[in-house]
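Overview (structure and organization)
The residues making up each chain are set out below.
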Amino acid sequence: AQSVTQLDSQVPVFEEAPVELRCNYSSSVSVYLFWYVQYPNQGLQLLLKYLSGSTLVKGINGFEAEFNKSQTSFHLRKPSVHISDTAEYFCAVSTGFQKLVFGTGTRLLVSP
Amino acid sequence: DAGVIQSPRHEVTEMGQEVTLRCKPISGHDYLFWYRQTMMRGLELLIYFNNNVPIDDSGMPEDRFSAKMPNASFSTLKIQPSEPRDSAVYFCASSARRSSNTEAFFGQGTRLTVV
């Protein structure tokens, strides 16, 4: 079975500062990895995904993530955050197009 | 496409009442998922369908919960009888088995409050 760990429940950061949201996964087979964002009172929206190929994945809104197989990590980064990036971010793992397993989420709080 | 459509957006009901949540997946998608989100447990997969057939319902918490997908464009999640601990946001998502595209598209959710 797969599992996802997001160690940081909340990450406060100032506007225009860089940010990294951590995600570690556990799986005995090859996986697909995802980052979703949830704005208040909204559904989840895909930020980016890793299926295969280049380990550095670029997504929407200036976010990127790097797949590290040896460390079983898929950390999300952004070099300069905006107030509008304040949201909850979820890392997820799947062995296919079924059954996404989500982490507990990291709340990113961007202040001026 | 309008995306995954869920109704109602908000539901308040009394304990013991039957609650039905509805979902219309994206046209052409052959996978449909029901998730529940709570502060305590995060996002949990309740059940998912492939081509209208339930594939894995191991996440359904109790017999009070049931889900159906009578056709490719409609699914329901029913709770009978409802209890206060069922209060949560319920999300429906759909995806398509199409080459390497494994993205799940989520609806905006139904916020259920059982009093």
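Residues numbered from 1 in each chain as written. Chains lettered and ligands numbered in written order. Predicted model: local features only at pLDDT ≥ 70, side-chain atom pairs only at ≥ 80, totals over all residues. Heavy atoms only, no water.

Here's the deal with the sheet that holds strand E1 (residues 5-7) of chain B
All names here are of chain B. Taken in spatial order, the four strands of this open sheet run E1-E3-E8-E7, and their pairing is antiparallel. What marks the edges here is a single partner per strand, and that holds for E1 and strand E7 (65-71). Pairwise comparison of adjacent strand axes, ignoring direction, gives a mean angle of 15° for this sheet. Of the pairings in the sheet, the one linking E1 to strand E3 (residues 19-24) comprises three bridges and is antiparallel in character. Following the sheet pairing, Gln6 is matched in E3 by Cys23. (Pairing = 2+ DSSP bridges. Helix = DSSP H or I, 4+ residues; strand = E, 2+ residues; numbered from the N terminus. Axes fitted to C-alpha atoms, helices over the stretch in contact; angles between N-to-C directions.)

Things to note about the side chain of B:Thr110
Residue and element names in this part refer to chain B. Looking at the secondary structure, you find Thr110 in strand E11 (residues 110-114). A distance of 2.5 Å separates a polar atom in the side chain of Thr110 from the backbone oxygen of Pro8. Not counting residues up to four positions away in its chain, the partners in contact with Thr110 are Gln6, Ser7, Pro8, Arg9, Leu21, Ala88, Val89 and Tyr90. (Polar contact = N/O pair within 3.5 Å; in protein donor to acceptor, adjacent residues only side chain to side chain. Contact = heavy atoms within 4.5 Å.)

Considering the state of the cysteines
All names here are of chain B. The tally for this structure, following the rule as stated, stands at two disulfides over all chains. One disulfide bridge connects Cys23 with Cys92, the sulfur atoms lying 1.9 Å from each other. Its S-S torsion of approximately -70° makes the covalent link between Cys23 and Cys92 left-handed. In this pair, Cys23 sits in strand E3 while Cys92 sits in strand E9 (residues 88-95), placing the two residues 69 residues apart along the sequence. (Disulfide = S-S within 2.5 Å.)

Details of the layout of surface pockets
In this model, the largest pocket occupies a volume close to 640 Å³. Mapped onto the lining of the largest pocket, the elements with two or more residues apiece are strand E10 (87-94) of chain A together with strand E4 (31-38), E9 and E11 of chain B. A per-element tally of the lining of the largest pocket places E10(A) first, with three residues. For the lining of the largest pocket, the residue count by class is eight nonpolar, 15 polar and five charged. Empty space within the second largest pocket amounts to approximately 160 Å³. Residue lining of the second largest pocket: A:Tyr25, A:Ser27, A:Val29, A:Ser30, A:Val31, A:Tyr50, A:Leu51, A:Ser52, A:Phe67, A:Lys69 and A:Thr72, and that is the complete set. Of the residues in the lining of the second largest pocket, the class split is six nonpolar, four polar and one charged. (1 Å grid on protein atoms, 1.4 Å probe; cavity = no way out; pocket = protein on both sides within 12 Å on 5 of 7 lines; lining within 4 Å. Points joined across faces, edges and corners; volume = space filled by probe spheres on them. Nonpolar A, V, L, I, M, F, W, Y, C, P; charged D, E, K, R; others polar.)

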